[in-house]
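These are the residues of each chain, in order.
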Amino acid sequence: MSRVSAKSSQPFITLALSGGGSRAIAFHLGCLRALHDRNLLDKVKVVSTVSGGSVIGACFAYWDVEFAEFDRRVVRILRNGLTDQLPGRCSSVKKRQRYLRPYSVLHSLRLDSDQ
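Figured I'd write up the structure that's included with this text. (Residues numbered from 1 in each chain as written. Predicted model: local features only at pLDDT ≥ 70, side-chain atom pairs only at ≥ 80, totals over all residues. Heavy atoms only, no water.)

**Brief notes about the packing of helix α1 (residues 21-37) against helix α2 (residues 52-62)**
In step 1: For the pair α1 and α2, interaxial distance at closest approach is 7 Å and the crossing angle is 45 degrees. It follows from the interaxial angle that α1 and α2 lie oblique. The hand of the α1/α2 crossing is right-handed. Along the contact surface, α1 presents Gly-21, Ala-24, Ile-25, His-28, Leu-29 and Leu-32, while α2 presents Gly-52, Gly-53, Val-55, Ile-56 and Phe-60.
In step 2: Each residue belonging to the contact of α1 with α2 can be placed in one class, and the counts come to seven nonpolar, four polar and no charged. (Axes fitted to C-alpha atoms, helices over the stretch in contact; angles between N-to-C directions. Helix = DSSP H or I, 4+ residues; strand = E, 2+ residues; numbered from the N terminus. Parallel < 35°, antiparallel > 145°, perpendicular 65-115°, else oblique. Left-handed = near helix turned anticlockwise from the far one by under 90°. Contact = heavy atoms within 4.5 Å. Nonpolar A, V, L, I, M, F, W, Y, C, P; charged D, E, K, R; others polar.)

Here it is, written out as structure tokens:
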């Protein structure tokens, strides 16, 4: 993400992504989809995040991919949990992964990006 100049004359969007664990990630993915569908996502220049919103916010800020790929990757995180994305040396975290997996979200959401 590029820095936003205080002297910028072009309007832009500041996005705040709240916390709430995997439910927050799922909710914010829906919000980002809505912004993308309305051709507004490119106008987002500032993102403020906390907790679960920080996960998707970091992905949004640092993954340099088209939105469809971004969407696919986030859905994979929601389905598999964050622990599947950790390297093997994080074994102590992986042992406790049942506490980190978003089972309730997985069973209650029907996501459009099944592939």
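**Here's the deal with the pattern of salt bridges**
In step 1: Counted by the stated rule, this structure contains three salt bridges.
In step 2: Among the ionic pairs, Asp-71 bridges to Arg-33, the shortest N-O distance being 2.6 Å. In this pair, Asp-71 is assigned in helix α3 (residues 67-80) and Arg-33 in helix α1, connecting sequence segments 38 residues apart.
In step 3: For Asp-71, a relative accessible area of 5% translates into the label buried.
In step 4: For Arg-73, the salt bridge goes to Glu-69, with nearest N and O atoms at 2.9 Å. Highlighted residues: Arg-73 and Glu-69, both in helix α3, separated by four residues, approximately one helical turn.
In step 5: Residue Arg-73 is classed as partly exposed on the basis of its relative accessible area, which comes to 24%. (Salt bridge = Lys/Arg side-chain N within 4 Å of Asp/Glu carboxyl O. Buried < 20%, exposed > 50% of the residue type's maximum accessible area, 1.4 Å probe, protein only.)

**Re the nonpolar core**
Within soluble globular proteins, side chains that are nonpolar tend to cluster in buried spots.
In step 1: Counting 18 residues, the largest nonpolar core has Leu-29, Leu-32, Leu-41, Ile-56, Phe-70 and Val-74 as its most contacted members.
In step 2: Sorting the residues of this core by element identifies β1 (13-17), α1, α2 and α3 as the ones contributing at least two each.
In step 3: In terms of residue count, the dominant contributor to this core is α3 (six residues). (Core = buried A, V, L, I, M, F, W, Y, C linked by side-chain atoms within 4.5 Å.)

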